[in-house]
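Summary of the model geometry
In case you want the letters, here they are:
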Amino acid sequence: MSLKESYEIAKTAYEKWGVNVDDALEILKKVPISIHCWQGDDISGFEIDQHELSGGIDVTGNYPGKATTPEELRSDLEKALSLIPGKHRVNLHAIYAETNGEKVERDKLEPKHFENWVKWAKENKLGLDFNPTLFSHEKAADGLTLSHPDEEIREFWINHCIASRKIGEYFGRELGTPCLTNIWIPDGYKDVPSDRLTPRKRLKESLDQIFAADVNESHNIDAIESKLFGIGSESYVVGSHEFYLGYALRNNKLCLLDTGHFHPTETVSNKISAMLLYSDKLALHVSRPVRWDSDHVVTLDDELRELALEIVRNDALDQVMIGLDFFDASINRVAAWTIGTRNMIKALLYAMLTPNDYLKQLQEDGNFTERLALIEEFKTYPFGAVWDYYCDKMGVPVKETWLDAIKSYEEDVMLNR
Ligand code: RNT
Ligand code: ZN
């Protein structure tokens, strides 16, 4: 049976429940996923003095073929993008600046250090997102940055964040699509603090200074990313969820929720509907925590589907900015991007092929038997046939055939580095 024939059969099955499959594919095409560049090189970046990864995050594995230059990283991203259906965005960190062999301190970074990225994004019709890098640096060696007791250190990081917002503004202006500039800091303590308030007061003041700098909001959107715990900050993290939720609501900023930054059984899917009642937009770092914030490659698991369902059934595709955040160096890094991003898109498609309005009505009617029965039956509806047809239509490999492209790329390019 051809892809098209299988698709037609699937379509009939879904249409019986009022799901318009063709419309779903049209909508899906327009949903951008922000793909994090740092999966390609284990968050190394291109600074002249490379610092060891710090901030309580860790990349494990030594799979060969890691990108070590901007050209290699862009080439790897292009390969992954050629295997992922749709038009997407690339998420950069400040450490990916290109300074032509010159050492430029992070607080002195300028748009010109990202010209090559912008040129490349234009050529590939990609949007760009951005992050200041407040880790892997001697001024973050004790795990404190914007909340540091030392004013000089705070000042340095404040200036770095302001410089980053200006770079974000430049991306947005050049590319005609606003850049999401997200601030994540590692600040916290390994052991039980004797004062939780003072560091939070300092973080609040630092953020106020960062956001006081004039940056055009139609080109740059600010986000702040919370966390519950990290390696070395097990007992206390300054930028907790409540801290940033309050800050974001009061100051009209976006909360960024990383799916690995909560208690292991606490889910981000359950937060979206609550938060969107009070803020217009929010951002995600979709990751996969395995027992802790381990940043495994995103798989099509229950929580990913639930997350996608919450976005789709609440009609929030324009309100939730979806980004990815995982780093696995134990497998081919281009495959990691491909698997994780295809899964995110699959989850959105799955959610769009769910008869959400009907299921909502069942709940309103108190018909929980049919609600459960249908949710479960839909898990084995011919979703794969629609996904395969979509990949084919979008000009990317169908099913696991994308692996062949990775294998040749690995042999011809990655292993020769
Ligand atoms: C760390 C945060 C943060 C980083 C990236 C590299 O716990 O999730 O988003 O992963 O900025
Ligand atoms: Zn994150």
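Residues numbered from 1 in each chain as written. Chains lettered and ligands numbered in written order. Predicted model: local features only at pLDDT ≥ 70, side-chain atom pairs only at ≥ 80, totals over all residues. Heavy atoms only, no water.

With an unreviewed UniProt entry as reference, the protein chain is termed L-rhamnose isomerase, source organism Lederbergia citrea. In the Subcellular location (unreviewed entry) part of its UniProt record, the protein chain is described as follows: "Cytoplasm". The record in UniProt for the protein chain states the following under Sequence similarities (unreviewed entry): "Belongs to the rhamnose isomerase family." (UniProt positions renumbered as here; feature names shortened; annotations may be inferred.)

Next up on the list: the environment of Ser2. Considering the arrangement of structural elements, one finds Ser2 in the segment before α1 (3–15). On the accessibility criterion, Ser2 (35% relative accessible area) is partly exposed. Between the alpha carbons of Ser2 and Tyr389 there is a distance of 9.6 Å; along the sequence they are 387 residues apart. (Helix = DSSP H or I, 4+ residues; strand = E, 2+ residues; numbered from the N terminus. Buried < 20%, exposed > 50% of the residue type's maximum accessible area, 1.4 Å probe, protein only.)

What follows covers the coordination of the zinc ion (ligand 2). With distances of 2.1 to 2.2 Å, the protein atoms coordinating the zinc ion (ligand 2) are Glu225 (OE), Asp258 (OD), His285 (ND1) and Asp325 (OD). Because the angles between the six donor atoms bound to the zinc ion (ligand 2) fall within 72 to 169°, the donor set is best described as octahedral. Taken in chain order, the donor set of the zinc ion (ligand 2) reads E-x32-D-x26-H-x39-D. Residue Glu225 is located in strand β6 (residues 220–225), and its partner His285 is located in strand β9 (residues 282–286); the two are separated by 60 residues in the primary sequence. Classification of Glu225 as buried rests on a relative accessible area of 3%. (Donors = N, O, S within 2.8 Å, 3.2 Å for Na, K, Ca; no water. Tetrahedral: all angles 85-135°; square planar, octahedral: opposite > 155°, others 65-115°.)

Here we take up the site of ligand 1. Within the structure, ligand 1 sits among Trp38, Ile57, His93, Trp184, Glu225, Lys227, Asp258, His261, His285, Asp293, Asp325 and Phe327. Glu225 is positioned with one of its side-chain polar atoms (N or O) 2.8 Å from an oxygen atom of ligand 1. Interatomic distance of 2.9 Å between a side-chain N/O atom of Asp258 and an oxygen atom of ligand 1. The residue inventory of the shell around ligand 1, partitioned by class, reads four nonpolar, three polar and five charged. (Near = heavy atom within 4 Å. Polar contact = N/O pair within 3.5 Å; in protein donor to acceptor, adjacent residues only side chain to side chain. Nonpolar A, V, L, I, M, F, W, Y, C, P; charged D, E, K, R; others polar.)

It is worth spelling out the packing of aromatic side chains at this point. Summed over the entire model, instances satisfying the criterion amount to 19 aromatic pairs. Taking 5.2 Å as the distance between ring centres and 80° as the angle between the ring planes, the aromatic pair formed by Phe243 and Tyr244 counts as edge-to-face. Across this residue pair, the class does not change: Phe243 and Tyr244 are buried. Feature note: the residues Tyr14, Trp17, Tyr358, Phe378 and Tyr381 constitute an aromatic cluster, connected by ring pairs. Seen from the ring of Tyr350, Arg305 lies directly overhead, with NZ or CZ sitting 5.0 Å from the centre. (Phe/Tyr/Trp six-rings, centres within 6.5 Å; stacked < 30°, edge-to-face > 60°. Lys NZ or Arg CZ within 6 Å of the ring centre and 35° of its normal.)

Turning to the pattern of salt bridges, a few remarks are in order. The full count for this structure, using the stated rule, is 26 salt bridges. Two residues, Glu26 and Lys393, come together in a salt bridge whose shortest N-O distance is 3.9 Å. On the criterion of sequence distance, the pair formed by Glu26 in helix α2 (residues 21–29) and Lys393 in helix α13 (residues 383–393) is long-range, its members being 367 residues apart. By relative accessible area, which is 31% here, Glu26 ends up partly exposed. On the accessibility criterion, Lys393 (43% relative accessible area) is partly exposed. Via salt bridges that share partners, Glu26, Lys29 and Lys393 belong to a single interconnected network. (Salt bridge = Lys/Arg side-chain N within 4 Å of Asp/Glu carboxyl O.)

As a further point, take the nonpolar core. Residues Trp117, Leu146, Phe171, Ile183 and Leu207 are the most contacted members of the largest nonpolar core, which totals 125 residues. Here this core takes twelve residues from helix α10 (residues 333–352), the largest share from any one element. Once residues lying within four places of it in the same chain are set aside, the contact partners of Trp117 are Phe46, Leu73, Arg74, Leu77, Leu92, Tyr96, Glu98 and Leu128. Core analysis: the second largest hydrophobic core is formed by six residues, Leu180, Ala223, Leu254 and Leu256 among them. (Core = buried A, V, L, I, M, F, W, Y, C linked by side-chain atoms within 4.5 Å. Contact = heavy atoms within 4.5 Å.)

What follows covers the pairing of strand β3 (residues 127–131). Most of β3 is tucked away: five of the five residues are buried. Of the strand pairs in this sheet, strand β2 (residues 89–93) and β3 are connected by five bridges, and their pairing is parallel. Bridging from a neighbouring strand, Asn91 pairs with Asp129 of β3. Once you follow β2 into helix α4 (residues 115–123) and on to β3, the crossover reads as right-handed. (Pairing = 2+ DSSP bridges. Right-handed = clockwise from strand over helix to strand, strands pointing away.)

What follows is about the side chain of Thr99. By the secondary structure assignment, Thr99 is in the loop between β2 and α4. On the basis of relative accessible area, Thr99 is assigned to the buried category, the value being 13%. From its side chain, Thr99 meets the backbone oxygen of Glu102 in a polar contact 2.6 Å long. Once residues within four sequence positions are removed from consideration, Thr99 is found in contact with Ile48, Val104, Leu109 and His113.

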